[in-house]
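An overview of the molecular structure
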Amino acid sequence: MAMDLKEIEKHIKEALPDASIKIEDLAGDGNHYSATITSTQFSGKSKIEQHKMVYSSLRGKMGNELHALAIKTKEK
Amino acid sequence: MDDQIKKVIQNHINNNEVCLFMKGTSDAPQCGFSMAVSNMLKILEVNFKGVNVLEDQLIREGVKIFSDWPTIPQLYIKQEFIGGCDIVKEMYESGELKKVLIDKGIKFKK
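Okay, so let's go over this structure. (Residues numbered from 1 in each chain as written. Chains lettered and ligands numbered in written order. Predicted model: local features only at pLDDT ≥ 70, side-chain atom pairs only at ≥ 80, totals over all residues.)

Side note on the overall build of chain A
Of regular secondary structure, chain A possesses 2 helices and 3 strands. Starting at the N terminus and ending at the C terminus, chain A contains elements arranged as α-β-β-α-β. Scaling as 2.2 N^0.38, a compact globule of 76 residues should have a C-alpha radius of gyration of about 11 Å, and chain A matches this with 12 Å. In chain A, which comprises 76 residues, the share counted as buried stands at 28%. Taking the contacts inside chain A whose residues are at least 6 apart along the sequence as the reference set, 53% of them involve residues at least 24 apart. (Helix = DSSP H or I, 4+ residues; strand = E, 2+ residues; numbered from the N terminus. Rg over C-alpha atoms; globule rule 2.2 N^0.38 Å. Buried ≥ 20, exposed ≤ 12 C-beta atoms within 10 Å, placed from the backbone. Contact = placed C-beta atoms within 7 Å.)

Concerning the sheet that holds strand β2 (residues 49-52) of chain B
Residue and element names in this part refer to chain B. Taken in spatial order, the 4 strands line up as β2-β1-β3-β4 in an open sheet, and their pairing is mixed. Here the strands that pair on one side only, and so sit at the sheet edges, are β2 and β4 (80-83). Pairs of neighbouring strands in the sheet enclose a mean axial angle of 25 degrees, with direction left out of account. Direction of pairing for strand β1 (residues 18-22) relative to β2: parallel, over a ladder of 4 bridges. Residue pairing in the sheet places L20 in a bridge with G50 of β2. (Pairing = 2+ DSSP bridges. Axes fitted to C-alpha atoms, helices over the stretch in contact; angles between N-to-C directions.)

Some thoughts on the sheet that holds strand β1 (residues 20-25) of chain A
Residues and elements named next belong to chain A. A sheet is described by the order of its strands in space; here 3 strands give the open sequence β1-β2-β3, paired in mixed fashion. Either end of the sheet is taken by a strand with one partner, and the two such strands are β1 and β3 (68-75). In this sheet, adjacent strand axes meet at a mean angle of 15 degrees when their direction is disregarded. Bridge analysis of β1 against strand β2 (residues 32-39) gives 6 bridges, and the strand direction is antiparallel. Paired with I21 across the bridge in β2 is I37.

Quick look at the nonpolar core
Where a protein is soluble and globular, its nonpolar side chains tend to be buried together. Ranked by internal contacts, the top residues of the largest apolar core, which has 26 residues, are L20, V37 and V88 of chain B. Those elements that place two or more of their residues in this core are α1 (3-15), β1, α2 (32-43), α3 (57-67), β3 (74-77), α4 (85-94) and α5 (96-103) of chain B. With 5 residues, β1 of chain B is the single largest residue contributor to this core. Aside from chain neighbours lying at most four places away, what touches V88 of chain B is V37, M40, L75, I82, G83 and L97 of chain B. Of all hydrophobic cores here, the second largest spans 15 residues; its members include I8, I12, Y33 and L69 of chain A. (Core = buried A, V, L, I, M, F, W, Y, C linked by C-beta atoms within 7 Å.)

Description of the interface of chain B and chain A
Opposite the 7 residues of chain B that make contact, chain A presents 9 residues. Taken together, the elements giving at least two residues each to the side of chain B that touches chain A come down to β4 and α4 of chain B. Considering only residue class, the side of chain B that touches chain A consists of 3 nonpolar, 2 polar and 2 charged. (Nonpolar A, V, L, I, M, F, W, Y, C, P; charged D, E, K, R; others polar.)

Considerations on unusual backbone geometry
Cis geometry marks the peptide bond from I72 of chain B to P73 of chain B, where omega comes out at 5 degrees. Phi is positive for R59 of chain A, close to 45 degrees, though the residue is something other than glycine. Summarising the element assignment, R59 of chain A is placed in the loop between α2 (47-57) and β3. Of note, Q79 of chain B is a non-glycine position whose phi angle comes to about 70 degrees, a positive value. Within the secondary structure, Q79 of chain B sits in the loop between β3 and β4. With 12 C-beta atoms counted inside 10 Å, the residue Q79 of chain B sits in the exposed group.

A look at the environment of A2 of chain A
Position of A2 of chain A relative to the elements: it lies in the segment before α1 (5-15). C-alpha of A2 of chain A to C-alpha of L66 of chain A: the two residues are 64 residues apart in sequence and 6.0 Å apart in space.

This is the structure we're talking about:
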């Protein structure tokens, strides 16, 4: 149950092409990440909607292969 | 999702002004994210109901579908889904959480 940092980035980038993404492997175990995502596509959306956009880009992996991903979204 | 589970989840949310679906209990959280949200509510002296999803696999999976949110914890205030750990933490730090509590008429330590 682990996921590669590059794979996470790839999925988010596919859904949010203009996003700048900064991901950190918090524990170095490929299981606990934190991601800061900045995109113009977040503008006018609530935090809940913004986070859902990130979750849906990960196509059901969140909460399964990916145990912990702290998300911070920012509008560009 | 099973109608019965949906009803159980809805009842928790309806019967508790501040309802936190979490892993573990507020006294003994079993996950760092659940502990973080629980602690923020405790610091604000908010009276909340912690629903331990580890005690019921159907609630654990059901609440994710119910809220259309893939992770636990999940915070509801007056029947409104506020968010998971990251959002609640951001709101706590920005002061927005207090604003929501005031707007919704929830007692807390100012």
